[in-house]
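For reference, the chains in residue letters:
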Amino acid sequence: MARQMGDSHRRFLQTMMINGITDEHSVKALYQYCCEVNKTPHVPDKLDEFIDTINSKLQAMFMQIRKGMSEVDGHQYYVLVNMAETNITRMSSDYADNELELFRKIVDLTVCSENGKVSSTDILNITDTMTTKKLKKSETEHLLSRLVQDKWLCEERGEYTLSARCIIEMEPYIRTMYQDHLKVCHICHSLAFQCQICENPTCGIKIHNPCVARYFKRRTEPRCPSCDDFWPHEIPEVR
Amino acid sequence: MTHRKRSFGSQSFSQNRRQSSSSGTQEDHEDSMFTQPSTSQVLRGLENLTPAQVDQKTSEVIQYLLVKDQKKIPVRRADLVKHVVKDYRNVYPEIMKRAARTFEQVFGLKLVEIDSKHHTYILINNLEAADRPPPVQCPANPKLGLLFVILGVTFMKGGVVRENVIWNTLKKLRVDSGEKHEEFGDVKRLVTEEFVRQRYLEYVRIPHTEPMEHEFRWGQRADMEVSKAKILEFMGQLHEQDPQSWTQQFREAQSSSSSQR
């Protein structure tokens, strides 16, 4: 049974709304701050309960504070997600219809890609298939830089990946739309885009790079947790 | 200002950022066609809707207002009715009542009508200002710091100040309105357009000035959100003086904090 919301919850929620995505360390500090400012007792272990209280009230508005792991650094992040099907969400008010169509196509390309990366060339090519007003090359480039700035996509050396915020926010949508194509991490069971794949053709399990780092830490001979074949990829460092 | 097409539900509309003017705009015309339903009309309207339907519509209104508020854009009743409330306009007062209650109880925000002619709404922070900033990096924080300096100077000068005073003050803080600033970019645009649009400041022409000069005043959002007592305290620390030594401002701060909220 969730408690009633107090000013500490409200202050926390206001800050979460402004930022879109917040790392776990900052969230814990924010929780402490909100309790202290409001002069309510701060119990560090009860962060989940604190957030549950807020979520129980947000549910009616199709909003939730969700937690997820970044595929890049393996750290946990909190996102205030919007689960409404309508167009009255932050993203649809920041972007035009055709921009949203292209964004959905980029998600599509990413889901179907091998390594979770999509080149800018691929994105420019896919504008040909747009059914709404086609975006010109300059408009596409401008859109991509805005998507990166708004933390929906990440860019490195001309390749685009879905950001942690994007994955956490769009997970239900992606799970529904791509049931068959979905790759899930064998270790943490979340959606896997930037990951390593077992080379055994009868196995083929996927593991996030940070999950690989943790799972194979200090093992001299890394072996696939599913089929026991030698794991041929470079094991990254734990961040 | 580029006009972009947006789609809300099944309707599309062009986002026109028109200042509220006395001449009739399209929104004015539509708003004047919207007459506030009476209590009995609302009750009858509610009878024809399921609680779930009303809740859903209330959620949509809340979402819409939150999204607009993220950018600190005031929302006109006409837009709200046209794009979100739509067929539920006969129970509009009930929806707004529920939305206001949710804003207070869940978000700690207050829904306030700042323009009773055009029925324009903003969301203001209902929570007490904290004595220290949050431990989280908020992109808006530095801008608010700048705003506070301007509000402080304006308040100390009796509520109205010529723009030159502000530009000179900022220059002393190494924020030059004529140059592109590392953090704030186009400072003049930020102060005279963004802060004004967000209703933190008013930037009004002084008549008969050549070259054209303006003066700054506190905007409606600042009046409601910013505690004059806190500004005075801040100025006291800055000048290492007891706030009570500025008797007139102190009295004004005392009376305004009792009328705020």
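Higher on the page you've got the structure.
This one's a predicted model, so the numbers in the text were calculated from it and none came from an experiment.

**Student:** Account for the packing of aromatic side chains, naming residues and giving values.
**Tutor:** Each pair of aromatic rings is reported with the distance of its centres and the angle of its planes. Applying the stated criterion across every chain yields a total of nine aromatic pairs over all chains. With a centroid separation of 5.5 Å and an interplanar angle of 35°, the aromatic rings of A:Phe216 and A:Trp231 are classed as tilted. Within this pair, whereas A:Phe216 is found in the segment after α9 (209-215), its partner A:Trp231 is found in the segment after α9, the two being separated by 15 residues in sequence. In this pair, the class of A:Phe216 matches that of A:Trp231, namely buried. Judged by centre distance (5.8 Å) and plane angle (80°), the rings of B:Trp167 and B:Phe216 are edge-to-face.

**Student:** So what's going on with the nonpolar core? Residues and values would help.
**Tutor:** Core analysis: the largest hydrophobic core is formed by 50 residues, its most contacted members being A:Phe12, A:Leu13, A:Ile65, B:Phe103 and B:Phe107. Once residues lying within four places of it in the same chain are set aside, the contact partners of A:Leu13 are A:Met5, A:Ile54, A:Leu58, A:Ile65, A:Leu80, B:Val106 and B:Phe107. The next biggest cluster of nonpolar side chains, apart from the first, holds 29 residues, and it includes B:Val149, B:Phe155, B:Leu232 and B:Met235.

**Student:** Please give an account of the sheet that holds strand β3 (residues 75-76) of chain B that cites residues and values.
**Tutor:** Residue and element names in this part refer to chain B. Strand order in this open sheet of three strands is β3-β5-β4, and the pairing throughout is antiparallel. A strand with exactly one partner marks an edge of an open sheet, and here the two such strands are β3 and β4 (109-115). Bridge count for β3 against strand β5 (residues 120-125) is two bridges, and the pairing is antiparallel. Within the sheet, the bridge partner assigned to Arg-76 lies in β5 and is Thr-120. Sitting on the sheet, helix α5 (residues 92-107) touches β4 and β5, and the angle it makes with β4 is about 130°.

Cut-offs used in this document
- Residues numbered from 1 in each chain as written.
- Chains lettered and ligands numbered in written order.
- Predicted model: local features only at pLDDT ≥ 70, side-chain atom pairs only at ≥ 80, totals over all residues.
- Heavy atoms only, no water.
- Phe/Tyr/Trp six-rings, centres within 6.5 Å; stacked < 30°, edge-to-face > 60°.
- Helix = DSSP H or I, 4+ residues; strand = E, 2+ residues; numbered from the N terminus.
- Buried < 20%, exposed > 50% of the residue type's maximum accessible area, 1.4 Å probe, protein only.
- Core = buried A, V, L, I, M, F, W, Y, C linked by side-chain atoms within 4.5 Å.
- Contact = heavy atoms within 4.5 Å.
- Pairing = 2+ DSSP bridges.
- Axes fitted to C-alpha atoms, helices over the stretch in contact; angles between N-to-C directions.

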